[in-house]
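# Breakdown of the fold
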Amino acid sequence: MLFERLLVRLDPELAHRLAFVAIRVAGAIPPVRAVVHRIFVRRRPPPVCVFGRDVPGRLGLAAGFAKNAEGIAGLTMLGFSHVEVGTVTTLAQSGNEPPRLWRITERRALRNRMGFNNQGAARIARRLARVRRTRAGRDAIVGVNIGKSKVTPLDRAPADYRTSARLLAPHADYLVVNVSSPNTPGLRDLQETEALRAVLQAARQGADDGVAAMRDGRACGLSATRPNAGHSGAGGWDARRGGRVPLLVKIAPDLSDDDIDQIADLASELGLAGVVAVNTTIGHEYGPGGLSGPPLRERGVEVVRRLRERLGSEAVVIGVGGIERPEDARAYLAAGATLVQAYTAFIYWGPAWAGRLNAVL
């Protein structure tokens, strides 16, 4: 009702900002956060162990909403089991010129050409360090989605990803290498196997260097935050366990099945923790940019099923695309998804949606 009468009349990006301010403010005040959580999360689902942590439910928030790692406590307050922030780039950038976000209301979809607007990896790393000092921040399961800076040439992409991974890994429960957004020129070319290999190896090295620097107290400006998550409850990755920050890659739905197989094989070869499937699609008639929401569902489930068959049972597969109802999420889980994520349905169905859906999964 609120969406139909008020929010649908606002510019989509303005409506997003206004809603996010309310979520962020409520989440920042512990008594308010507790009350709102009780209202919207009536029943807690059983946890699922992923990345060595107990994740409180299957449904998390996909990247694209909390671009600058703000409002994490507010989003978990609403019932999301985990929050993937970003996409974050090494260099701060304003993204594409507005308008850059559109509703396709008859399909409950969104089209966006945002262009990785964010405040840059160094600033966002400092924010995550502060978040991890709070109890709510330590309890939250936070993934960080990283992408290529727009001004970085493709041949310099590995170094760009390495820098972001180094800065952000110490504060993340997992990292996602995003090479599949349609809104940064040339980015999807990095899904080609050899280009992707270089990017993933660089991100892996950067993440390892970042955690090592934090562990040794060498991370400039960030050493006040201990990199212990896991079962220690301190937030971020637990470097003391001798493990690595889990690294995943996010792929497009528009890839051929052969390309998906090749990426799955590369992920296995490089020892990645898994794959996030899928990003927005360019296969639509609405104009430039990527489409999200229900039109993605069928292909998303197909890609998850193919990945699970190719990767085996140990890898993490996060299913994204068109999840609105319990049966949508269950289709992804039946296809082999470990966790599921959504964003577009949250925009259309409102603040109680995540808690309700997680409770029945």
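Here's what I pulled together on the structure shown here. Within any chain, residue numbers begin from 1 and follow the written order of that chain's sequence. Only residues with pLDDT of at least 70 are given local features in this predicted model, and only at 80 or more are side-chain atom pairs given and counted; all residues enter the totals for whole chains, interfaces and linings. Heavy atoms from the whole structure form the basis of all side-chain values; hydrogens and water molecules are not counted.

### Comments concerning the overall build of the chain
Assigned secondary structure in the chain consists of 13 helices and 13 strands. Buried, partly exposed and exposed residues are distinguished by accessible area as a fraction of the type maximum, computed with a 1.4 Å probe on protein chains only: under 20%, between the cut-offs, and over 50%, respectively. For the chain, buried positions account for 60% of its 361 residues. Any two residues whose heavy atoms approach within 4.5 Å are treated as being in contact. Here the analysis covers contacts within the chain between residues at least 6 apart in sequence; of these, 72% occur between residues at least 24 apart. Accessibility throughout is a Shrake-Rupley quantity obtained with a 1.4 Å probe, and a residue counts as covered only by protein chains that appear here. When the accessible surface of the chain is split by element, carbon and sulfur atoms take 52% of a total near 14800 Å². Only DSSP runs of H or I covering at least 4 residues are called helices, and only runs of E covering at least 2 are called strands; the numbering of each starts at the N terminus.

### Digging into the pattern of salt bridges
In the sections that follow, a salt bridge refers to a side-chain nitrogen of Lys or Arg positioned within 4 Å of a carboxyl oxygen of Asp or Glu. In the structure shown here, the tally under the stated rule is 21 salt bridges. Across the pair arginine 299 and aspartate 257 runs a salt bridge, and its minimum N-O distance is 3.2 Å. Within this pair, whereas arginine 299 is found in helix H10 (residues 297-311), its partner aspartate 257 is found in helix H9 (residues 257-270), the two being separated by 42 residues in sequence. Among the ionic pairs, arginine 299 bridges to glutamate 302, the shortest N-O distance being 3.2 Å. Note that arginine 299 and glutamate 302 are positioned in helix H10 at a spacing of 3 residues, about one turn of the helix.

### Brief notes about helix H5 (residues 121-132)
Between its first and last C-alpha atoms H5 spans 16 Å; for 12 residues at 1.5 Å apiece the expected length is 16 Å, and the two agree. Taken together, the buried positions of H5 are occupied by Ala121, Ile124, Ala125, Arg127, Leu128, Ala129, Val131 and Arg132. A helix is expected to span 1.5 Å multiplied by its residue count minus one.

### Some points on the nonpolar core
For soluble globular proteins, the rule of thumb is that nonpolar side chains tend to be buried together. Side-chain atoms within 4.5 Å link the members of a nonpolar core, which is a set of buried Ala, Val, Leu, Ile, Met, Phe, Trp, Tyr and Cys residues. Counting 94 residues, the largest nonpolar core has Leu75, Leu168, Leu175, Ile251 and Leu307 as its most contacted members. Look past the residues within four positions of leucine 175 in its chain and what remains in contact with it is Val144, Ala165, Leu168, Ala169, Ala207, Val245, Pro246, Leu247 and Leu248.

### Some details on a nonpolar patch on the surface
Residues enter patches when their relative accessible area tops 30% and they take part in no salt bridge; the joining distance is 9 Å for like charges and 5 Å for the nonpolar side chains Val, Leu, Ile, Met, Phe, Trp and Tyr. On the surface, Val21, Val25, Ile29 and Val32 cluster together to form a nonpolar patch covering roughly 280 Å² of accessible area. Tracing the sequence through the fold places isoleucine 29 in the loop between helix H2 (12-28) and helix H3 (30-40).

### Considerations on the packing of H5 against helix H7 (residues 157-168)
Packed helices, taken two at a time, are described by the angle their axes make and the gap between the axes. In contact at an axis separation of 9 Å, H5 and H7 are set at 15° when each is read in the N-to-C sense. In terms of orientation, H5 and H7 fall into the roughly parallel class. The two elements H5 and H7 cross, and the hand of that crossing is right-handed. Within the contact between the two elements, H5 uses Ala121, Ala122, Ile124, Ala125 and Leu128 and H7 uses Ser164, Leu167 and Leu168. Classification convention: Asp, Glu, Lys, Arg as charged; Ala, Val, Leu, Ile, Met, Phe, Trp, Tyr, Cys, Pro as nonpolar; all other residues, Gly among them, as polar. Its residues placed into classes, the contact of H5 with H7 shows 7 nonpolar, 1 polar and no charged. Simply put, an axis is a line fit to the C-alpha atoms, just over the touching stretch for a helix, and the angle between two N-to-C directions goes from 0 to 180 degrees. By definition in this entry, angles of less than 35 degrees are roughly parallel, angles greater than 145 are roughly antiparallel, angles of 65 to 115 are roughly perpendicular, and the rest are oblique. The hand of a helix crossing depends on one turn: near helix anticlockwise from the far one by less than a right angle means left-handed, and clockwise means right-handed.

### Focus on the pairing of strand S10 (residues 274-277)
Looking along a regular strand, one sees side chains alternate from face to face of the sheet. Here S10 shows no split at all, with Gly274 and Val276 on one side and Val275 and Ala277 on the other all buried. What makes two strands pair is DSSP finding at least two bridges between them. Bridge count for strand S9 (residues 247-251) against S10 is 4 bridges, and the pairing is parallel. Its bridge partner being in S10, leucine 248 is matched across the sheet by glycine 274. A clockwise course of the path from the first strand over the helix to the second, judged with the strands pointing away from the viewer, identifies a crossover as right-handed. At this point the chain moves from S9, through H9, to the parallel S10, and the crossover so formed is right-handed. The pairing of S10 with strand S12 (residues 316-320) spans 4 bridges and is classified as parallel.

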